Amino acid sequence: MSFSSVNISVEAPIENQIQEISYDGIEIYQPPLTLSESLAKYAQKIDFSKTTDVDLKKEEAVEEAKSDSDSKDAFQSSLWPWDSVRNKLRNAHQEICVLADVLTVAKDKRYMVLDPVQREPLETKPMVQIYARKKALAGAANVLLAGAEKLKTSQNEVARNRTTPDFHIELLRLRQNWRLKKVSNMIIGDLSYRTAGSKFMQTGTFEVTKAEEDEKIGSPPSSPLPGGGQPTKPSSALKVTIPSELQGVAYIEVLCQKDTEDLCSANINLLGSGAPSSNPDMHWQQKLEAAQNVLFCKELFNQLAKEAVQLQAPIPHMVVGNQIVATILPGIQIIIALRHSTSGDKPEKPTPSKGEHDHVLEHSLHQLLREVHHKNTHHPFPHPATGPLGPSKKRMMAGPMAADRYELLDMTKQETLLEQIIKQSQHCLMRMRTGYVLDTLAKECRDPLISSHWNTLNSPTQSCVKINISTHGYDAVCRTPLVIHVGEKSLKCICRDGKVMNLSYEPQEFRDLIFNHITQHQILAVQALAKTMGWQSLANSNHLGSGPVDPLGNATSCLLASPTGDRIIAVRCEAQYGGMQVSVAHSPRSDFFPSRLVTERKWEHLGGQFRDVRLDRMEGRNFLHKMELLMASLTSNS
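Everything in this summary refers to the structure shown in the same document. Every value quoted in this text rests on a predicted model; they were computed, and no experiment measured them. (Residues numbered from 1 in each chain as written. Predicted model: local features only at pLDDT ≥ 70, side-chain atom pairs only at ≥ 80, totals over all residues. Heavy atoms only, no water.)

## Some words on the overall build of the protein chain
Put simply, the test is: Put simply, DSSP marks the helices as runs of H or I at least four residues long and the strands as runs of E at least two long, and each gets a number from the N terminus on. Burial classes follow relative accessibility: with a 1.4 Å probe on protein chains only, a residue under 20% of its type's maximum area counts as buried, one over 50% as exposed, and anything between as partly exposed. What makes two residues a contact is simply this: any of their non-hydrogen atoms within 4.5 Å. Only the protein chains shown count as cover for residues, with accessible areas throughout obtained via the Shrake-Rupley method and a probe of 1.4 Å.
In terms of helices and strands, the protein chain carries 13 helices and 22 strands. Among the 638 residues that make up the protein chain, the fraction classed as buried is 30%. A separation of at least 24 residues holds for 57% of the contacts in the protein chain among residues at least 6 apart in sequence. A total of about 44000 Å² of accessible surface is found on the protein chain, and carbon and sulfur atoms cover 55% of it.

Right, dumping it as structure tokens:
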């Protein structure tokens, strides 16, 4: 044994297993087992069904002997035929003897006791138990009192924070909505849209500091004041310092003017009218939102001014100070102005325009700059994947598809923000003109009726209106539909027969087109009514060459014959005057006299001279009703 050896203890550890740990951290150990309990515990682990080691060795020896004997002589018998029987009887006798001994021990209980021995009852002292329970209850009461004290402290802290704002809580709320970073000993924030894709050079940084104690003092929220005013709210624990160029309230005003008359207008203001951001009593959230609105308006106006200078328009755009003037239609200008108020007083509200406020144009002003930011950060994926990032798939395929120079130039063209705003303004004016013409004609022309249905699903630069020309009470007889596509500088008209007509931005052309369709509707309605009443249509013409010349086109007419052929009605409709002329001819002619040239009586059935019908003296709600009564009376007389 070496001198550096270490003694190893093979005894069982003195510590007992932990039975329970109380709430105050005291460990309760299991009491040690007695000798009888240990013996019973170990006895339970013995499996009496298994054979002893001696029997196992005997069985192995017998199996080896059998294998040897079988290998030497498989047909050699044992020395004594009853040897195996004797061995089995002896083993059975030994087992029975052991079983008898076990039964004797278990039955008489004189040799060994397997049941656990009862412990001796410990002496119980009532006072000791009372003191122990009292101590345990006192410990539990102390735990409950400590928890109640912590809850009370937290409630008091919350109530104190309500009256007196906490700097760290306010800073946490500020960080949830705005980008902040710490530079040396200062906290700097960012208001710009750079993370969204903006490339505007002006920075939107602001500084966050802790407010002084005298600034945070404020009366806690209480009941309303006796005079009817509201209680003073405590100021914030934060102090936000915004650059001077971003203070105040800004908005962009878009106005379409014809001479000095306002046609339509739109204002972009993310916050609406409110107090300027330089007001010291304003909350930091309102200050930052107002400053970000100023930055957004400045970036949008800067982009529009840059595009106005670069674009080469037939009539050059003018940029003067904070105002952009562009010509959208002959005699009509669009004015885009940046209104920025930095005074301490409340900013002046935008003067209400006499023209109509266009909500679509206002929404587009908000949306266009957002789309530019989105395009700056979301480039199209390269095709193939190994190609450069930036060009679109169409430009990537220009080489394999053998695109020419003109197609390549078309791919590189992109509409600027100012061009899109001008196109939307032009469409707004075209839509207003079209609606005005339709409303005016609907008021002026009572017969027939003109009804227009505007499509609700439109784009900012294209709208659709369906026009129905019908007569009251005769909708089933004839109805003239007309579809108008309102574009930027032109109108596209789809007629009833499928003919497509393109009109310019002049409202007089559209007015003439409606008058022309009114005259066609009257003639078609008279022919349809005559067919239902048994009359025969002899001829019709949409461009009548006889009679006075119509300055707005040609008049339309038709000839109708009665069922017996002795009555003829001629109808003429003029587009300019909107008047209907009806003439009636009778046959046989009452003034027919035979002569040397015309001797036969059959020529008397030629129509006589036409006589005009005074429609204003006739009964009837409208023109078709009067024509129905006229045809009925002429048929009954014949």
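## Structural notes on helix H5 (residues 167-177)
Residues spaced three or four apart along an α-helix point in a common direction, a consequence of the helix completing one turn every 3.6 residues. We count it as follows: Summarising the geometry, the arc corresponds to the directions from the helix axis toward the C-beta atoms.
Within H5 the residues assigned to the buried category are Phe167, Glu170, Leu171 and Leu174. Viewed end-on, H5 has its buried residues packed into an arc of 100°, placing them on one side of the element. In H5, the exposed positions that point more than 90 degrees away from the buried face belong to His168 and Gln176. Of the surrounding elements, those touching the buried residues of H5 are strand E3 (179-183), strand E4 (186-190), strand E5 (205-210), strand E6 (238-241) and helix H7 (284-310).

## Brief notes about the nonpolar core
For the record, the criterion: To qualify as a nonpolar core, a set must consist of buried Ala, Val, Leu, Ile, Met, Phe, Trp, Tyr and Cys residues joined through side-chain atoms within 4.5 Å.
Counting 52 residues, the largest nonpolar core has Leu288 and Ile336 as the members making the most contacts within it. Top element by residues in this core is H7. It accounts for 12 residues. Counting residues in each nonpolar core, the second largest holds 23 residues, with Trp535, Leu560, Cys573 and Val584 among its members.

## A closer look at the sheet that holds strand E17 (residues 500-503)
Operational definition: By the convention used here, strands pair only if DSSP detects at least 2 bridges between them. Only C-alpha atoms enter the line fits that serve as axes; for helices the fit covers just the stretch in contact. Angles between N-to-C directions range over 0 to 180 degrees.
With respect to topology, five strands assemble into an open sheet ordered E13-E14-E15-E16-E17, the strand pairing being antiparallel. A strand with exactly one partner marks an edge of an open sheet, and here the two such strands are strand E13 (449-454) and E17. Shown here is a sheet whose adjacent strand axes are inclined to one another by a mean of 20°, direction ignored. Pairing analysis gives eight bridges linking strand E14 (residues 463-470) to strand E15 (residues 479-486), with the strands arranged antiparallel. Paired with Ile469 across the two strands is Thr480, which belongs to E15. Along the sheet face, helix H11 (residues 417-444) touches E13, E14, E15 and strand E16 (491-494) and points at about 155° away from the line of E13.

## Structural notes on the side chain of Glu574
Selection criterion: In the analysis that follows, any N or O atom pair within 3.5 Å is treated as a polar contact, provided that within protein one partner can donate a hydrogen and the other can accept it, and provided that, for residues neighboring in sequence, both atoms belong to side chains.
Looking at the secondary structure, you find Glu574 in the loop between strand E20 (567-573) and strand E21 (580-586). Its relative accessible area of 9% is what places Glu574 among the buried residues. A distance of 3.4 Å separates polar atoms of two side chains, one belonging to Glu574 and the other to Gln581.

## Some details on the packing of H11 against helix H12 (residues 507-532)
What counts here: Orientation is classified from the angle alone, with under 35 degrees giving roughly parallel, over 145 giving roughly antiparallel, 65 to 115 giving roughly perpendicular, and any other angle giving oblique. A crossing counts as left-handed when the near helix is turned anticlockwise from the far one by less than a right angle, and as right-handed when that turn is clockwise. Gly counts as polar in this scheme, as do all residues outside two lists: the nonpolar Ala, Val, Leu, Ile, Met, Phe, Trp, Tyr, Cys and Pro, and the charged Asp, Glu, Lys and Arg.
The contact between H11 and H12 brings their axes to 10 Å, and the two run at 40°. By the angle between their axes, H11 is oblique relative to H12. Our pair here, H11 against H12, has a crossing hand that is right-handed. Across the interface between the two elements, Arg433, Thr434, Val437, Leu438, Thr440, Leu441 and Glu444 from H11 touch Pro507, Phe510, Arg511, Ile514 and Phe515 from H12. When its residues are assigned to classes, the contact of H11 with H12 shows seven nonpolar, two polar and three charged.

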